[in-house]
Amino acid sequence: MNIFEESKKFIPGGVNSPVRAFGSVGGEPVIIKKGEGSKIYDIDGKEYIDYVCSWGPLILGHSDYRVVKKLKEVIENGTSFGAPTELELELAKLVVDYVPSIEMVRMVNSGTEAVMSAIRLARAYTNRKKIIKFEGCYHGHSDSLLVKAGSGALTFNQPSSPGVPEEFAKLTLIADYNDIESVKKLFMENKGEIACVIIEPVAGNMGVVLPKDGFLKELEELCKNEGALLIFDEIITGFRLSKGGAQEYFGINPDLTTLGKIIGGGLPVGAYGGKKEIMEMVSPVGPVYQAGTLSGNPLAMAAGIETLKILGEPGFYDNLRAKANKLWEGFGENLKRLNLKFAFNSIESMACMFFKDGQVESFKDAVQSDTKLFAEFFHKMLDKGVNLAPSQFEAMFVSMAHSDEDLEKTIKIHFETLKEMFG
Ligand SMILES: *Cc1c(COP(=O)(O)O)cnc(C)c1O
């Protein structure tokens, strides 16, 4: 039986999240059987060094023994209650302790849900309707966020999916990442109407694009002056760039923060949090409704707690950075040896190589990448046992489980692949 062909009969496209279907690289997805440390294994037993890490959550690698042990302990007592538990308090305390701007936090089940709820809260708090997002930033698939700019007309927006009413789309304004003037312009044209600006402080869904010096600080000040809330979507960067996420890394104080991925340690968790004064508008203390049958699920909390405790140990990020830098430097040398000028963006343990010469500092730069070359590169790496995300516009992640041997092997395979393609 071909599992993927069979799955397509029962699940749209055979997958439960579109990018997994290999649409942009062609071919059929690998069907995974298990993961252990830095490796995943497909149903035929082939081994891959994995840099997808479940799209970010697995900062400790696959089936970390401490997380698994904790899950086993907790599962013995039941899987869900829909009533308060001590585990929820424990994870909330860790989040508040680690993330500088978060004084209070609400747990949900996914990043999408976290962002959707944070936007609702920002609209309620400011009593304004419009929101600003950046082209190329992804914030989950809720209606308000599935919007991009229509053919250069910044204020007349088209939904990026059928089923999103254009009435919703009109309330979402699109600015250019790393271009503060584009944000100022929107504020000027919509005076007193902007509830919030939401941004991935390091963009991780158009490849990896770093904020230019001062950009986030200017954004913070602009929001303050305009009475709009600044929302940091730290679903990738939270607990990834540092214990306190991008806000700690860059010294920014957002009003609200959304979290996901690492916070669940591989189980489904999202969260949104921020200043107490804002968070106390959430039901049942305040009037902003938001709920969830499985929110704060004990298993999900347990995996999150164990993961966050481990990444809070002294030296964790120094260790992770050393691993990542070894890989990024190796890639850099490979490019140099082959005289290739592809853009390579990295920060801490996340990175992306673009099949485009020169710099990538914006969405417009990123989309100039040659996705056909990426597809060829991707499949060659996969054949040689290195699993990357099946799209040019995704990050790769180094986990704590990647060994020196893994990294050296990856650098070698990277060189061989590029040499085959361009040597
Ligand atoms: C993954 C992601 C989301 C969506 O999270 P889901 O758990 O997939 O719903 C939102 N924002 C960013 C920045 C993400 O990377």
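What you see is a predicted model, and the numbers here were worked out from it, not measured in a lab.

Asker: What should I look at first to understand the UniProt feature "modified residue: N6-(pyridoxal phosphate)lysine" (unreviewed entry) in the protein in this one?
Answerer: Those places that UniProt annotates as "modified residue: N6-(pyridoxal phosphate)lysine" (unreviewed entry) correspond, in this numbering, to Lys 261. Of note, Lys 261 is situated in the loop between strand S11 (256-259) and strand S12 (270-274). Excluding its chain neighbours within four sequence positions, the residues that come into contact with Lys 261 are Trp 55, Gly 56, Pro 57, Ile 235, Ile 236 and Val 269.

Asker: Explain the environment of Gly 260 to me, please; I cannot follow it from the model alone.
Answerer: With respect to the helices and strands, the residue Gly 260 is situated in the loop between S11 and S12. Along the backbone, Gly 260 and Gly 111 are 149 residues apart, and their C-alpha atoms lie at a distance of 4.9 Å. Not counting residues within four places of it along the chain, the set of residues in contact with Gly 260 comprises Ile 235, Val 269 and Gly 270.

Asker: Please clarify how the nonpolar core should be interpreted in this entry.
Answerer: In summary, soluble globular proteins display a tendency toward joint burial of nonpolar side chains. In terms of nonpolar packing, the biggest core is built from 66 residues, with Val 95, Met 107 and Phe 239 touching the most fellow members. Ranked by residues supplied to this core, first place goes to helix H10 (residues 298-311) with 9 residues. Phe 134, Phe 187, Leu 230 and Ala 366 belong to the second largest nonpolar core, which has 39 residues in total.

Asker: Could you clarify how one ought to interpret helix H6 (residues 180-189) in this entry?
Answerer: Count 3.6 residues to each turn of an α-helix, and residues three or four apart come out pointing the same way. Inspection of H6 places Ile 180, Ser 182, Val 183, Leu 186 and Phe 187 among the buried residues, and these make up the whole buried set. Within H6, the buried residues cover an arc of 160° as seen down the axis, which keeps them to one side. For H6, the side-chain oxygen to backbone nitrogen distance between the N-cap and Glu 181 is 3.1 Å, and the N-cap itself is Asp 179.

Asker: What is the right way to look at the site of the ligand in this model?
Answerer: The full set of residues close to the ligand is Ser 110, Gly 111, Thr 112, Tyr 138, His 139, Gly 140, Glu 200, Asn 205, Asp 233, Ile 235, Ile 236 and Lys 261. In this structure, a nitrogen atom belonging to the ligand sits 3.2 Å away from a main-chain N or O atom of Tyr 138. Asp 233 places a polar side-chain atom, nitrogen or oxygen, 2.7 Å from a nitrogen atom of the ligand. Contact with the protein chains removes 82% of the 380 Å² of surface that the ligand exposes when unbound. In the shell around the ligand, the residues fall into 3 nonpolar, 6 polar and 3 charged.

Asker: I keep staring at the sheet that holds strand S13 (residues 342-347) and nothing clicks. Help me out?
Answerer: Hydrogen bonding along the main chain pairs the strands of a sheet, whether they run parallel or antiparallel. As summarised here, the arrangement of the 3 strands in space is S13-S14-S16, forming an open sheet in which the pairing is antiparallel. Both edges of this open sheet fall to S13 and strand S16 (396-397), since each of them pairs with a single strand only. Judged from the 2 bridges that link them, strand S14 (residues 350-357) and S16 form a sheet pairing that is antiparallel. Pairing of Met 350 across the sheet is with Phe 397, part of S16. Contacts from helix H11 (residues 316-337) reach S13, S14 and S16 within the one sheet, and its direction differs from that of S13 by about 170°. Here helix H14 (residues 404-422) sits on the sheet and contacts S13 and S14; the angle it forms with S14, its principal contact strand, is near 10°.

The rules behind the values
Residues numbered from 1 in each chain as written. Predicted model: local features only at pLDDT ≥ 70, side-chain atom pairs only at ≥ 80, totals over all residues. Heavy atoms only, no water. UniProt positions renumbered as here; feature names shortened; annotations may be inferred. Helix = DSSP H or I, 4+ residues; strand = E, 2+ residues; numbered from the N terminus. Contact = heavy atoms within 4.5 Å. Core = buried A, V, L, I, M, F, W, Y, C linked by side-chain atoms within 4.5 Å. Buried < 20%, exposed > 50% of the residue type's maximum accessible area, 1.4 Å probe, protein only. Arc of directions from axis to C-beta. Polar contact = N/O pair within 3.5 Å; in protein donor to acceptor, adjacent residues only side chain to side chain. Near = heavy atom within 4 Å. Areas by Shrake-Rupley, 256 points an atom, 1.4 Å probe, with all protein chains shown as cover. Nonpolar A, V, L, I, M, F, W, Y, C, P; charged D, E, K, R; others polar. Pairing = 2+ DSSP bridges. Axes fitted to C-alpha atoms, helices over the stretch in contact; angles between N-to-C directions.

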